[in-house]
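Commentary on secondary and tertiary structure
Chain by chain, the residues run as shown.
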Amino acid sequence: MNMPLLILLTALKITVILVVFLTAIAYTVLMERKVLGFIQLRYGPNRVGPWGLLQPLADLVKLLFKEDFTPPMVNKVLFIMAPMITAITAFLPFAVIPFASQILPDTITVYGQTLDLKAAGLNQGVIADVNVGILYVFAMSSLAVYGAVLGGWASNSKYSLLGGLRLSAQMVSYELALGLSIIGVLMLAGSLSLVKIVEAQKNLWFIFLQPLGFIIFMIAAFAECARTPFDLIECENELVAGYQTEYSSMKWALFMLGEYCHIIVASALATTLFLGGWQGPVLPPIVWFVLKTFVLVFVFIWVRGTYPRFRFDQLMYLGWKVLLPLALLNILVTGVVILFLG
Amino acid sequence: MEYLFYSLAAVALISGALVVFQTHPLRSALWLIVNFFAVAGLYLLAHAEFIAAIQIIVYAGAIMVLFLFVIMLLNLRQPEEELARPRLGLKIAGITVAVLSAVLIGMGLAKVVLKPVTELPVGLGNTESVARLLFTDYLLPFEVTSVLLLVAIVGSVVLAKAKLR
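Attention in this report is confined to the structure presented alongside it.

About the thresholds
Residues numbered from 1 in each chain as written. Chains lettered and ligands numbered in written order. Predicted model: local features only at pLDDT ≥ 70, side-chain atom pairs only at ≥ 80, totals over all residues. Heavy atoms only, no water. Helix = DSSP H or I, 4+ residues; strand = E, 2+ residues; numbered from the N terminus. Rg over C-alpha atoms; globule rule 2.2 N^0.38 Å. Contact = heavy atoms within 4.5 Å. Areas by Shrake-Rupley, 256 points an atom, 1.4 Å probe, with all protein chains shown as cover. Lys, Arg positive; Asp, Glu negative; His and termini not counted. Charge placed at Lys NZ, Arg CZ, Asp CG, Glu CD. 1 Å grid on protein atoms, 1.4 Å probe; cavity = no way out; pocket = protein on both sides within 12 Å on 5 of 7 lines; lining within 4 Å. Points joined across faces, edges and corners; volume = space filled by probe spheres on them. Nonpolar A, V, L, I, M, F, W, Y, C, P; charged D, E, K, R; others polar. Buried area = accessible area lost by both parts, 1.4 Å probe. Salt bridge = Lys/Arg side-chain N within 4 Å of Asp/Glu carboxyl O. Polar contact = N/O pair within 3.5 Å; in protein donor to acceptor, adjacent residues only side chain to side chain. Buried < 20%, exposed > 50% of the residue type's maximum accessible area, 1.4 Å probe, protein only. Axes fitted to C-alpha atoms, helices over the stretch in contact; angles between N-to-C directions. Parallel < 35°, antiparallel > 145°, perpendicular 65-115°, else oblique. Left-handed = near helix turned anticlockwise from the far one by under 90°. Patch = residues over 30% accessible without salt bridge, like charges linked within 9 Å, V, L, I, M, F, W, Y side chains within 5 Å.

Bringing the overall build of chain A into the picture now. Of the regular secondary structure elements, chain A holds 13 helices and two strands. Computed over its C-alpha atoms, the radius of gyration of chain A comes to 21 Å, within 12% of the 20 Å expected for a compact globule of 342 residues. Here the C-alpha coordinates of chain A stretch approximately 60 × 55 × 45 Å along the principal axes. When contacts within chain A are restricted to residue pairs at least 6 apart in sequence, long-range pairs at least 24 apart make up 78% of them. Total accessible area on chain A is roughly 16,200 Å²; 72% of this is exposed by carbon and sulfur atoms. Positive and negative side-chain charges of chain A, numbering 20 and 17 respectively, have mean locations separated by a distance of 5 Å.

Below, the structure written as structure tokens:
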């Protein structure tokens, strides 16, 4: 297959996935508002369209037409760059997460021309099967902190700065627990490629072999997404809205986009690492993947509706003195068991 | 591939120079991050995916975040006063050192014999080969480094505790 066509088809595939992903984010926001409504015994949005189904569209239009105000004291370049960094680094991890086994046949015929889709893995249910896939995801999620830190600093406001600093301290602390919690999975799968990790769970999901790893991963993921009970960066009663305080209109929307994107990516990653990814009986793989991912997204919302916020010292205590030693213990036990069983 | 290499190398060099020439420490730090990315791209071109990923995670993702953290905490107020102009003696000394080191590096580079690129062994920079080398040939330096890091951690704890008392 010739190069321009290959690039065009890859771009097409990425675009389709991105559009589906963006729609999923928009409806996750609606899902959150609906589920929180049910938890708090109220209806949630139900005016725009049946069951409020057109609410994301209305929200988008509202955000687009709001005044995009840039406060005069800000550092302009960084102020504009910060939301972009947040949104881009939130999207990028999805490039290596496998959402299905094979989505298209090996070859298709269009207008009498046979296209070999095996080139560049166009027929696979993943954009890029990189051999360091999981490290790539961690690299991108470790960059996500820049959006908040730079946004907080560039805003030139004390609430923004404090919010940004808090988030960077929180993310650096929990990245360790997050990274160590999946070492057990990597030892069992023997690969860093997410596709291979899914294939290694053919007979038994890793959640049954790594229950402690799964729990640590989920707690650390909550902290990395800065969700309740770890949403100290934007606790409204002391920091207004954290690093987002000075932002309005679409710039603010990009931060929100990043936040929900992180939730979906974290859920998809937990699905891939611990819940067997797209594997499952009867239903097609992609349905299984979406189902498992959204069960975890539901857990994210459920927790938000259930738990109060931590204090900052409690947050640091939990990260460094509870999760980190537990994650190390998990690695040790996994290593010993693997050594003795073969 | 060559075009990619040269553009990445150009980005690395220019951002590296900008790190030095910025007056604001935060801007220097940000250009250093750009530099890390360009170097990670060069690693990718050499099929060292593991090294590239680690470069981003450790340097751009962790160390630079801490740098930014410190810069922001120490530099809450914008620098108001102008930077002091360097004196003539300092200027002459700086230029002399720069020219001398440029000459020395140039002489070293002139002795390098360029050879045509041979095909690298498959999987040279990937996780498995790096891990194998670390845990066989380089086991002792690897473990000694970990002890060194442990000493640094213990030292920082001691310093932090000493202040509390």
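Still more to cover.
Left-over empty space is what a probe sized like a water molecule reveals as it rolls over the atoms. Residue and element names in this part refer to chain A. In the structure shown here, the tally under the stated rule is two cavities of 30 Å³ or more. As a volume, the largest cavity reaches approximately 190 Å³. As for the largest cavity, its lining consists of 15 residues, of which Ser 141, Leu 178, His 262, Val 265 and Ala 266 are closest to the centre. Elements that contribute at least two residues to the lining of the largest cavity include exactly α4 (133–154), α5 (158–181), α9 (211–224) and α11 (249–274). Residue composition of the lining of the largest cavity, grouped by class: twelve nonpolar, two polar and one charged.

What follows is about the interface of chain B and chain A. The interface of chain B with chain A comprises 22 residues on the first partner and 21 residues on the second. For the pair chain B and chain A, the summed buried area comes to about 1,900 Å², and 79% of that belongs to carbon and sulfur atoms. Taken together, chain B and chain A are joined by zero salt bridges. Where chain B touches chain A, the interface holds one residue pair in polar contact (both at pLDDT 80 or more). Looking at the side of chain B that touches chain A, the elements that each hand over two or more residues are α2 (25–45) and α3 (49–74) of chain B. Ranked by the residues each element gives to the side of chain B that touches chain A, the list is headed by α3(B), at 13 residues. Within the side of chain B that touches chain A, the residues separate by chemical class into 16 nonpolar, five polar and one charged.

As a further point, take the environment of A:Leu212. Residues and elements named next belong to chain A. Residue placement: Leu 212 occurs in helix α9. Look at Leu 212 and you get partly exposed, because its relative accessible area is 29%. Each C-alpha atom, one on Leu 212 and one on Val 16, is 36 Å from the other, the two residues being 196 residues apart in sequence. For Leu 212, the residues in contact, after removing those within four places along its chain, are Leu 326 and Asn 330.

Here the focus is the packing of α4(A) against α3(B). Packing of α4(A) against α3(B) leaves a shortest axis separation of 9 Å and a crossing angle of 20 degrees. Considered as vectors, α4(A) and α3(B) are oriented roughly parallel to each other. With respect to the hand of their crossing, α4(A) and α3(B) are arranged in left-handed fashion. Of the residues in α3(B), those in contact with A:Leu135, A:Phe138, A:Ala139, A:Ser142, A:Leu143, A:Val145, A:Tyr146, A:Val149, A:Leu150 and A:Trp153 of α4(A) are B:Phe50, B:Ala53, B:Ile56, B:Ile57, B:Ala60, B:Gly61, B:Met64, B:Val65, B:Leu68 and B:Met72. Within the contact of α4(A) with α3(B), the residues separate by chemical class into 18 nonpolar, two polar and no charged.

Attention shifts here to a nonpolar patch on the surface. Together, A:Leu326, A:Leu329, A:Leu332, A:Val333, A:Val336, A:Val337, A:Leu339, A:Phe340 and A:Leu341 make up an exposed nonpolar region whose accessible area comes to about 930 Å². You can see A:Val336 is positioned in helix α13 (residues 312–341).

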